[in-house]
There are 4 protein chains.
Amino acid sequence: MSHREGTEWRIRVAAIRALAKHGYADLSIKRIGEELGQSSSLLYHYFDDKDDLLLSTLDLVEEEFVDQRGRDEPSNPKEDLADLIDAFFDPFSVTTDDVTTADEIEFDVVLVYVYAELWAQATRDERYRAKITELETRFVDEITRTLERGIEEGQFRETPPTKTAEHIFALFLHELHTKTAVDRDEATEMTRTNLYDLTERELSVDLRNPE
Amino acid sequence: MSHREGTEWRIRVAAIRALAKHGYADLSIKRIGEELGQSSSLLYHYFDDKDDLLLSTLDLVEEEFVDQRGRDEPSNPKEDLADLIDAFFDPFSVTTDDVTTADEIEFDVVLVYVYAELWAQATRDERYRAKITELETRFVDEITRTLERGIEEGQFRETPPTKTAEHIFALFLHELHTKTAVDRDEATEMTRTNLYDLTERELSVDLRNPE
Amino acid sequence: MSHREGTEWRIRVAAIRALAKHGYADLSIKRIGEELGQSSSLLYHYFDDKDDLLLSTLDLVEEEFVDQRGRDEPSNPKEDLADLIDAFFDPFSVTTDDVTTADEIEFDVVLVYVYAELWAQATRDERYRAKITELETRFVDEITRTLERGIEEGQFRETPPTKTAEHIFALFLHELHTKTAVDRDEATEMTRTNLYDLTERELSVDLRNPE
Amino acid sequence: MSHREGTEWRIRVAAIRALAKHGYADLSIKRIGEELGQSSSLLYHYFDDKDDLLLSTLDLVEEEFVDQRGRDEPSNPKEDLADLIDAFFDPFSVTTDDVTTADEIEFDVVLVYVYAELWAQATRDERYRAKITELETRFVDEITRTLERGIEEGQFRETPPTKTAEHIFALFLHELHTKTAVDRDEATEMTRTNLYDLTERELSVDLRNPE
DNA sequence: GATGAATGAGGCTTCATTCAT
DNA sequence: TATGAATGAAGCCTCATTCAT
C-alpha cells in the first residue's frame, strides 16, 4: 500500500505517536521532530503548518480504520458484530501509562488514544469536528449495516437498527472514557455486561456464549 | 455561603469561563486575567501556579454539583430521576458556539463544557484523573441511590442498581459527546429515546408520560 | 517634557538606534533588545508587535522635528531659512560608517538615517507611507511659510512659494541620498552650490554671504 | 544578444521582479523561485549565494540602462535631453500598487522600483554602494555630455555642465521619491515644472514647447 | 541542468512566573 | 490587596543553504 510509505507518512505517524504520548495541549513541533528522529522543520515541506499536519492525522486514523474494516469479507452478522466489538475493546488492554511512556506501541492502540485526545479540539474547531463527525458516522453506519444484515437473515430480532447501533456506540464511548480518563474500575467492568445485555435484549442474540 | 464570595472564588469562576471559551490547550494566564477583568498576576496571591488554579477549578465544579444536588430534599424517586436527567440535558440547549463566543453564559452550562475539556487532561495527569474520578463516582452514586430508593419503595422494578446507573451514565456521556464534539444531529436525537427505553425496560417506569 | 521619559520612550529610542545601526532589513527584535539593554520580550508590554513599534518610531521622528522647529520664535525669514538649511545639512557631517558603528550618536543625526531607511517600506506599506507623507508635508509647509513671510516682508523676491519650497526640498533629498547611499563626492559638493544658486535666483537673496 | 538568454539571465530577471514585488526586506530565495517558476535551489548552480545574485541584479539594471541608452545615435542635444527626461519619467505612469501586485510589468518600470529598493542597502553595504555609485555616475555623465554637446553646438546657453547635470538629477530623485514613497500629489505635479524652469533658465531652452 | 529532501539558525511572539511597589 | 514591570524559556515558523540524485 503506497500510502504507507514515504516521509510524509512517517511524519504523520510520528505526530500520532507524539500526540498519544504528550497529549494535544502539550504537543509541540519539537516533540514531533523528536518522535520522528529528524529535524522538526522538515515537516514544513510536507504540511502547511501544525494544524494541517494534525488534521491530516485524522485522515490517517480513518484510513487505518477503513483498511482494518475492509480486510475481511462480511459474512456472518453475529460474528461480524462480535469481531467489531472485540476490535474496539482490544486496544484498552494496553494501559494509559503504557501509551504515555513506552516507545513502541502497536498502532491501533495509539489510534484510540489519539481519538480521545482530539475530541476537545472538535468542540472549538470545525475542521476537527468535520473529520471526527465523518469518522463516527462511518463507524456507526457499519454497526447499523451489520445489524440490518442480521435482521434480514433472521439472525437478529427485528429492532430499529439505527437506534440500536447508536446505543452500542454509546457503550463504546463509555468504555473509551472510563478506560482513559478515570479510575473507576467497577465502571469498566460493567461496560461489557451492559453491552451484552443490550444485544441480548434488543437482538435476541448472546454474543458471550458462542454455542 | 462563604465559598461563593471573595476574590479567590471570582478567580476560579474566571478560570472556568476562560476554559470554556478557549479550551484547555489555548488557556493562558493572560486570558484568565482578561476574563477576570483584573491583572493576571493577581492570581498568584491565591494560587501557587496555573496548575493549582486549574485543579481547584474542578473542586468548584464539584461544589456546584453538590450544591445543586443538595438543594432539594429527595422525595419521589421517579421524579428525582427525571429531574436528574433534565438537569444533565438542559445545558445542551446552549450551543457550543454560544459558549465559545458569548460573555454571559449561565454557570451550569459552562461547567458541562469545562468537564468535557478536562477529560483529555485526566488521561495524562493523575491529579486531574483523581478529581474527575471522584466527581463521577459521586454522580453515579447518586443515580444508584435514587434507583435503590425506587426499588425499595416498589416504584421501580428490581434491577441491579449499580449496573443500570452506569448504563444511564453511559448515555449521558453519549449526549455530552455528540452535543459538543460532533455534528451528528441524528445521534443526539436518539440519545433520549435510548435513555427512556432503558428506564422503561430496566425499571418498568416511563419517564416520558407522567400520568 | 513627559513624553521623553519612561520605558516606552526608551524602547522607541532603542528601536531608532538599532534601525540606524542595522537597517530595516536586518533589524530584529533581538537587536532592539540589545540596544535597549533589556530583554527583547519587554517591548511586547508596550507595543503590539514589531510593526507597531517601528511605526511609532516615525511618530518620535515627528515629535523631535516638531520640538526642534517650535523651539525658536520665527523672526527674520532669511535667517530662518538659513537655519533650516543648516539644520538639515548638519547631521551629514557624521558619516554613515559612524552611524552604523558607534554607540553614542547624537539623536538628530540618527533620525535622518532612520528616515532614509524607512523610505523603502513606504513603497509597500501604506501605514508607513501615511506617516512619511505627513512628515514631509509638514516640513515642506514650513519652508513654504518661511518663503511667504520673506515675500510679504519684501525680503525675498516674489516667487511661487510652494513651487520653490518643493524645489528646495528636492535638493535636500539629493543631499540625503548622495551622502548616505553613494560615494559621489563631487555630487555632494555640488548640492549646496545648487541650493544657493537657487535661492539667489528665485529669491534674490544670497544665503552664503551674510553682509 | 547573448546576455539576454539562458537560465542565469532568467534567474536574474526573476530576482528583480521578486524584489520589485516584495521589497528587499521581504525578499526570500523561495519567492525568487516562485517568480522563476522553478526550484529555488536551482539558483545555487549559477550564483554563490543570495548576496551574489542580488548584486548581479544591479549589473542587469546597468546593462539594461546601457542598452537603452546605446540604442539611438546621439544627434540633436535638445531632443536627446528631452528623450532622457521622458525615459526617466515614463515608468512612473505605472503605480506602485501595480508593481507590487501585477504579474507582468514592463521591465524598465520594474527596474526603477528596484533601484529605489536598493538605496537603503547601499547605506550599509559597500558592494551595493559601489554598484549604485557607478550606475549613477554613468547616468549623470550622460546628462553632462549631452549638455556639453548642446553648449558646443550653441544650442544651449553656456553653463557649468556638471553642476547643471547634477541639478537635473536631483529633480529626478525628487520624482522617484515622491512617486514611490509618499502620497504628495501636489509635489509630483511640481517636479516637471521645476525641471522645465531649470532647463529654461540654465540652458535657455524650452523643452516643453518644441516649436 | 534541475530537483526535492533535509537541516540548523534565527525570526517574531506568547507564556508562566517573579518582584518591587 | 493588587498591579505593572520585567524576564527566560519555549512556541511556531521561515530562512538560506547543502546534498544526493
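Residues numbered from 1 in each chain as written. Chains lettered and ligands numbered in written order. Predicted model: local features only at pLDDT ≥ 70, side-chain atom pairs only at ≥ 80, totals over all residues. Heavy atoms only, no water.

## Some points on the overall build of chain A
Then, in step 1: Across its full length, chain A holds 9 helices and 0 strands.
Then, in step 2: Reading the helices (α) and strands (β) of chain A from amino to carboxyl end gives α-α-α-α-α-α-α-α-α.
Then, in step 3: Rg of the C-alpha trace for chain A: 19 Å, near the compact-globule value of 17 Å for 211 residues, within the 12% margin.
Then, in step 4: The buried share of chain A, reckoned over its 211 residues, is 55%.
Then, in step 5: Put simply, 66% of the contacts in chain A that link residues at least 6 apart link residues at least 24 apart.
Then, in step 6: Accessible surface for chain A amounts to roughly 9500 Å². Of this, 44% is attributable to carbon and sulfur atoms.
Then, in step 7: Side chains of chain A give 25 positive and 49 negative charges; the mean places of these two sets differ by 3 Å. (Helix = DSSP H or I, 4+ residues; strand = E, 2+ residues; numbered from the N terminus. Rg over C-alpha atoms; globule rule 2.2 N^0.38 Å. Buried < 20%, exposed > 50% of the residue type's maximum accessible area, 1.4 Å probe, protein only. Contact = heavy atoms within 4.5 Å. Areas by Shrake-Rupley, 256 points an atom, 1.4 Å probe, with all protein chains shown as cover. Lys, Arg positive; Asp, Glu negative; His and termini not counted. Charge placed at Lys NZ, Arg CZ, Asp CG, Glu CD.)

## Side note on the interface of chain B and chain A
Then, in step 1: At the junction of the two partners, chain B supplies 46 residues and chain A supplies 46 residues.
Then, in step 2: A combined buried area of about 4000 Å² lies between chain B and chain A, and 55% of that area is made up of carbon and sulfur atoms.
Then, in step 3: On the chain B side of the contact with chain A, R124, K163 and R184 of chain B bury the most area, a combined 16% of that side's loss.
Then, in step 4: Seen at the junction of chain B and chain A, the total is 12 salt bridges.
Then, in step 5: Our enumeration of links across chain B and chain A arrives at 29 residue pairs in polar contact (both at pLDDT 80 or more).
Then, in step 6: Of all elements in the fold, only α1 (6–22), α5 (96–101), α6 (107–124), α7 (126–152), α8 (161–180) and α9 (185–203) of chain B reach the threshold of two or more residues within the side of chain B that touches chain A.
Then, in step 7: Element by element, the count of residues in the side of chain B that touches chain A is highest for α8 of chain B, at 11 residues.
Then, in step 8: Across the side of chain B that touches chain A, the residue classes tally to 19 nonpolar, 15 polar and 12 charged. (Buried area = accessible area lost by both parts, 1.4 Å probe. Salt bridge = Lys/Arg side-chain N within 4 Å of Asp/Glu carboxyl O. Polar contact = N/O pair within 3.5 Å; in protein donor to acceptor, adjacent residues only side chain to side chain. Nonpolar A, V, L, I, M, F, W, Y, C, P; charged D, E, K, R; others polar.)

## Looking at a negative patch on the surface
All names here are of chain A.
Then, in step 1: Negative charge collects at one region of the surface, where D141, E148, E152 and E153 lie side by side.
Then, in step 2: Within the secondary structure, E153 sits in the loop between α7 (126–152) and α8 (161–180).
Then, in step 3: Taking relative accessible area as the criterion, E153 reaches 52% and is therefore assigned exposed. (Patch = residues over 30% accessible without salt bridge, like charges linked within 9 Å, V, L, I, M, F, W, Y side chains within 5 Å.)

## Digging into the UniProt feature "DNA-binding region" (unreviewed entry) in chain A
Then, in step 1: Per the UniProt annotation, the sites labelled "DNA-binding region" (unreviewed entry) are residues 28–47 of chain A.
Then, in step 2: As a span, residues 28–47 of chain A carries 40% helix and 0% strand, and end to end its C-alpha atoms are 15 Å apart. (UniProt positions renumbered as here; feature names shortened; annotations may be inferred.)

## Some words on the relation of the copies chain B and chain A
Then, in step 1: In the superposition of chain B on chain A (RMSD 0.2 Å, axial shift 0.1 Å), the rotation amounts to 180°. Taken together, the turn and the small shift mark the pair as related by a two-fold rotation axis. Among all residues of chain B, the one whose C-alpha sits closest to the rotation axis is A25 of chain B, at a distance of 2.2 Å.
Then, in step 2: The share of interface residues of chain B whose copies in chain A are also at the interface is 100%, consistent with both copies meeting through the same surface. (Least-squares fit on C-alpha atoms with pLDDT ≥ 70 in both.)

## What about the protein's contact with DNA strand E?
Then, in step 1: DNA strand E sits among 29 residues. The nearest are I29 and K50 of chain B, Y44 and K50 of chain C together with H45 of chain D.
Then, in step 2: T7 of chain D places a polar side-chain atom, nitrogen or oxygen, 3.1 Å from a phosphate oxygen of DNA strand E.
Then, in step 3: Q38 of chain D is positioned such that a nitrogen or oxygen atom in its side chain is 3.4 Å from a phosphate oxygen of DNA strand E.
Then, in step 4: The residue inventory of the surface near DNA strand E, partitioned by class, reads 10 nonpolar, 14 polar and 5 charged. (Near = heavy atom within 4 Å.)

## What to know about the environment of I151 of chain A
All names here are of chain A.
Then, in step 1: In this fold, I151 is placed in helix α7.
Then, in step 2: Judged by its relative accessible area of 17%, I151 is buried.
Then, in step 3: In this structure the C-alpha to C-alpha distance between I151 and L203, which are 52 residues apart in sequence, comes to 8.4 Å.
Then, in step 4: If we ignore the near neighbours within four places in the chain, the residues touching I151 are F156, R157, E158 and T159.

## Regarding the protein's contact with DNA strand F
Then, in step 1: Taken together, 29 residues sit near DNA strand F, with Y44 and K50 of chain A, H45 of chain B together with I29 and K50 of chain D positioned nearest.
Then, in step 2: Taking all atoms of DNA strand F within 4 Å of the protein, the share assigned to sugar and phosphate is 61%.
Then, in step 3: One of the side-chain nitrogen or oxygen atoms of Y46 of chain B is found 3.1 Å away from a phosphate oxygen of DNA strand F.
Then, in step 4: Measuring from a phosphate oxygen of DNA strand F, one finds a side-chain N or O atom of K50 of chain D at 2.6 Å.
Then, in step 5: Partitioning the surface near DNA strand F into residue classes produces 10 nonpolar, 14 polar and 5 charged.

## Notes on the interface of chain D and chain C
Then, in step 1: Listed by partner, the interface residues are 46 residues for chain D and 46 residues for chain C.
Then, in step 2: Of the roughly 4000 Å² buried between chain D and chain C on both sides combined, carbon and sulfur atoms contribute 56%.
Then, in step 3: For the chain D face of the interface with chain C, the top three residues by lost area are R124, K163 and R184 of chain D, together amounting to 16%.
Then, in step 4: At the surface where chain D touches chain C, the tally comes to 12 salt bridges.

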